[in-house]
Amino acid sequence: MGLKIEELKMGNFNLNEPVVLYDDGEHRVAWVGSSENSLFRCNAYLVSSGNVNVLIDPGGIQHFDQVKERVSQLINPEKVNYIVSHHQDPDVAGSIPMWLEINPNLTIVTTPRTKVLLPYYGFDAQKVKWIDVSQLDDTMIELPDGGVLLFLSSPFLHFPDAFVTYDSRAKLLFSGDIFAAIQQKWELIVSNWERHKTEMMYFHVYYMASNKALRFFVNKVRPFPIDAIVPQHGSIIPGEYVDRALDFLENLKCGVDLLYEESPVQSILNDII
Ligand SMILES: [Fe+2]
Ligand SMILES: [Fe+2]
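Quantities reported herein were computed from a predicted structural model and do not represent experimental measurements. (Residues numbered from 1 in each chain as written. Chains lettered and ligands numbered in written order. Predicted model: local features only at pLDDT ≥ 70, side-chain atom pairs only at ≥ 80, totals over all residues. Heavy atoms only, no water.)

A. Representation of helix H7 (residues 211-221) within the structure. All buried positions along H7 are accounted for by Asn211, Ala213, Leu214, Phe217, Val218, Lys220 and Val221. Of the surrounding elements, those touching the buried residues of H7 are strand S9 (148-153), strand S10 (163-167), strand S11 (172-174), helix H8 (242-250) and helix H9 (256-259). (Buried < 20%, exposed > 50% of the residue type's maximum accessible area, 1.4 Å probe, protein only. Helix = DSSP H or I, 4+ residues; strand = E, 2+ residues; numbered from the N terminus. Contact = heavy atoms within 4.5 Å.)

So this is what it looks like as structure tokens:
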């Protein structure tokens, strides 16, 4: 059994170091995020299998030193050969030019509409290798251990061309901003679902487009075996809460559902007609 979440729930880790979430000898997943003290705390993850090292949502410019330090404790940072950028926000992708300086040959995995925007952080798109993530949900990286990282589109959650990553070996869903939470007190692993649900709600009602988009996404990922959800903000959702987290998003009104719940135009018309 490679999943370490149960051990980590005991508080058995040091956040000044990378935290290994899964390791079966051939495939390792580690949290390599930042220790910034903010409501919006950012997580980055490193997936390693043989000579393949995939850095997921590397973070902003101010996260770079810490993320690089944590990566260095596991591998030579020059060996990061893929960066997955689930969308283009500065807290997700601002440090990409710094990673390209370390390894100009790395490949960026992202969607076509994100690819248009990422070079504005200051690098030449023509000099970079890319994997374009298709909305058909058939793009993947095949890993030396026999597993795959499968990229699944998540339209309008929150970027129109956002996507998530499913790790078939570790059975982890790297969900980007989906399942993120805004927290006064951050913890690595969710310990109290009722509290966490509220913290997730704070994030989703503002950032996610609509319940229609959430339902579409939840229906897509529900058939996958998921041992934990690992988002870019907030805490890791362990297996025992995965179904409840899916149910919660499936039924959550957010974004335009709330903004246009009662059309102001209709009420004005009612007043004047
Ligand atoms: Fe975002
Ligand atoms: Fe984010």
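On we go from here.
B. Region of interest: the sheet that holds strand S2 (residues 27-31). Spatially, 7 strands are ordered S1-S2-S3-S4-S5-S6-S7 in an open sheet, and the strand pairing comes out mixed. A single partner strand is all that each edge strand has here, and the edge strands are strand S1 (19-23) and strand S7 (129-132). For this sheet the average axis-to-axis angle between neighbouring strands, irrespective of direction, equals 20 degrees. Here S2 runs beside strand S3 (residues 45-49); their pairing, made up of 5 bridges, is antiparallel. Within the sheet, the bridge partner assigned to alanine 30 lies in S3 and is leucine 46. (Pairing = 2+ DSSP bridges. Axes fitted to C-alpha atoms, helices over the stretch in contact; angles between N-to-C directions.)

C. Highlighting the nonpolar core. Counting 32 residues, the largest nonpolar core has Leu173, Ile178, Phe179, Met200, Phe217, Ile237 and Leu249 as the members making the most contacts within it. At the level of secondary structure, the elements contributing two or more residues to this core comprise S9, S10, helix H6 (193-207), H7 and H8. Leaving out residues up to four positions away in the same chain, isoleucine 178 has contacts with Ser154, Leu157, Val164, His204, Met208, Phe217, Pro231 and Leu249. By size, the runner-up hydrophobic cluster in this structure holds 31 residues, among which are Leu21, Tyr45, Val133 and Leu143. (Core = buried A, V, L, I, M, F, W, Y, C linked by side-chain atoms within 4.5 Å.)

D. Quick peek at the sheet that holds S10. Sheet architecture is open: 6 strands sit in the order S8-S9-S10-S11-S12-S13, paired in mixed fashion. The open sheet terminates on both sides in strands that have one partner only, identified here as strand S8 (139-142) and strand S13 (237-238). Bridge count for strand S12 (residues 228-230) against S13 is 2 bridges, and the pairing is antiparallel. Residue isoleucine 229 lies in a different strand from S13, and its bridge partner there is isoleucine 237.

E. Local environment of the coordination of the iron ion (ligand 2). Around the iron ion (ligand 2), the protein contributes the donor atoms Asp91 (OD), Asp177 (OD), Gln232 (OE1) and His233 (NE2), which lie 2.1 to 2.4 Å from the metal centre. What the 4 donor atoms of the iron ion (ligand 2) show is an angle range of 74 to 162 degrees at the metal, which sorts the shape as irregular. Read N to C, the donor residues that coordinate the iron ion (ligand 2) are spaced as D-x85-D-x54-Q-H. Separating the iron ion (ligand 2) from the iron ion (ligand 1) is a distance of 3.4 Å, and aspartate 177 supplies a donor atom to each of them. Each member of the pair, glutamine 232 as well as histidine 233, carries the same accessibility label: buried. (Donors = N, O, S within 2.8 Å, 3.2 Å for Na, K, Ca; no water. Tetrahedral: all angles 85-135°; square planar, octahedral: opposite > 155°, others 65-115°.)

F. Broad picture of unusual backbone geometry. Cis rather than trans, the peptide bond between leucine 157 and histidine 158 has omega equal to -10 degrees. Among the secondary structure elements, histidine 158 is positioned in the loop between S9 and S10. Of note, lysine 171 is a non-glycine position whose phi angle comes to about 55 degrees, a positive value. Tracing the chain through its elements places lysine 171 in the loop between S10 and S11. Residue classification places lysine 171 among the partly exposed positions, given a relative accessible area of 31%.

G. Local environment of the pairing of S3. Along S3, 5 of the 5 residues are buried, which leaves the element largely enclosed by surrounding structure. Residues of S3 alternate between two faces, with Tyr45, Val47 and Ser49 on one and Leu46 and Ser48 on the opposite face, all of them buried. Sheet analysis places S3 next to strand S4 (residues 52-56), joined by 5 bridges and oriented antiparallel. Considered in S4, the bridge of serine 49 is made with valine 52. Hairpin connection of S3 to S4: 2 residues between the antiparallel strands, including glycine 50 at a positive phi of 55 degrees.

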